[in-house]
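What the coordinates show
As a plain string of letters, each chain reads:
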Amino acid sequence: MSHGLAQVFSKSVASGVTLSSSYDLGRAFTKVYLEVPTMASSDIFIQASSDNSTFRRVMIDKGNTSTTHATFSIASAVSQRMVPIPAGFRYYKVETSSGTTDIVTTYNLIVSD
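Reading guide: rules and limits
By convention here, each chain's residues receive numbers from 1 onward along its written sequence. Reporting of local features is limited, given that this is a predicted model, to residues whose pLDDT is at least 70; pairs of side-chain atoms are given and counted only at 80 or more, and all residues count toward the totals for whole chains, interfaces and linings. To get the side-chain values, take all heavy atoms of the structure and skip hydrogens and water. The numbering of helices and of strands both runs from the N terminus, where a helix is a DSSP run of H or I of at least 4 residues and a strand a run of E of at least 2. Exposed residues in this analysis have more than 50% of their type's maximum accessible area, buried residues have under 20%, and partly exposed residues fall in between, with area computed by a 1.4 Å probe over protein chains only. We call two residues in contact when some of their heavy atoms are within 4.5 Å. Under the convention used here, a 1.4 Å probe and the Shrake-Rupley method define accessible areas, while residue burial counts only the protein chains that appear. What counts as a ring pair is set by centres within 6.5 Å for rings of Phe, Tyr and Trp (its six-membered ring), and what kind of pair is set by the plane angle: stacked under 30 degrees, edge-to-face over 60, tilted for all other angles. For a lysine, the NZ atom is tested; for an arginine, the CZ atom; a charge sits over a ring if that atom is within 6 Å of the ring centre and within 35 degrees of the ring normal. Put simply, a salt bridge is a Lys or Arg side-chain nitrogen that is within 4 Å of an Asp or Glu carboxyl oxygen. We call a set of buried Ala, Val, Leu, Ile, Met, Phe, Trp, Tyr and Cys residues a nonpolar core when their side-chain atoms join them within 4.5 Å.

**A word on the overall build of the protein chain**
Regarding its fold elements, the protein chain presents 0 helices and 11 strands. Start at the N end of the protein chain and walk to the C end: the helices and strands fall as β-β-β-β-β-β-β-β-β-β-β. Considering the protein chain as a whole, with its 113 residues, one finds that 35% of them fall into the buried category. A separation threshold of at least 6 residues defines the contact pool for the protein chain, and within that pool the share at least 24 residues apart is 78%. Carbon and sulfur atoms provide 51% of the accessible area of the protein chain, an area that totals close to 6500 Å².

Structural data, given as structure tokens:
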């Protein structure tokens, strides 16, 4: 099994905007991390696409619970962290529950196999 070098993909989200433009990773990777910058009071959701056209929020399996699936989200309290996100897609977008004010926020996706 080969272990490739990590690659970083960056997108900036302007003030008042809640959705990044599309990250095109070139292919699907087995490990994907979101570098979460300093955040205010905004949760993060991950959107993915198979065609770089139609994006949907990513769901995760919650295991043996009455609600077996839930939307993958990163709470606003998780700031200044590297967060593993669901892998296996080529195209991603980062969505926030509220836009930032008067700043540009940069989100990095770090990928590897």
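**Section: the environment of V13**
Take V13: it is sitting in strand β1 (residues 7-13). Exposure remark for V13: the relative accessible area of 5% places this residue in the buried category. C-alpha of V13 to C-alpha of V94: the two residues are 81 residues apart in sequence and 9.0 Å apart in space. Residues contacting V13, with those up to four places away along its chain left out, are S20, I103, V104, T105 and Y107.

**Some thoughts on the packing of aromatic side chains**
Within the structure shown, the criterion is met by 1 aromatic pair. Between F89 and Y92, the aromatic rings sit 5.9 Å apart at their centres with planes inclined by 90 degrees, giving edge-to-face as the arrangement. Judged by relative accessible area, Y92 falls into the buried class, the value being 1%. The ring of F29 carries R27 above its face, with NZ or CZ at 4.0 Å from the centroid. Note that R57 overlies the ring of F45, its terminal NZ or CZ placed 3.8 Å from the centroid.

**Some details on the pattern of salt bridges**
All chains considered together, the criterion is met by 3 salt bridges. Close ionic contact of D113 with R27 constitutes a salt bridge, the shortest N to O distance being 2.4 Å. One end of the pair, D113, is in the segment after β11 (105-112); the other, R27, is in the loop between β2 (23-24) and β3 (31-36), and 86 residues separate them in sequence. Accessibility expressed as a relative area gives 24% for D113, which makes it partly exposed. We note a salt bridge from E95 to R57, for which the minimum N-O separation is 2.8 Å.

**Examining the nonpolar core**
One broad trend across soluble globular proteins is that nonpolar side chains are buried collectively. With 22 residues, the main nonpolar core has L34, I44, I46, I85, Y92 and L109 as its most contacted residues. Discounting residues that sit within four places of it in the chain, I85 has contacts with V32, Y33, L34, I46, F72, I74, Y92 and L109.

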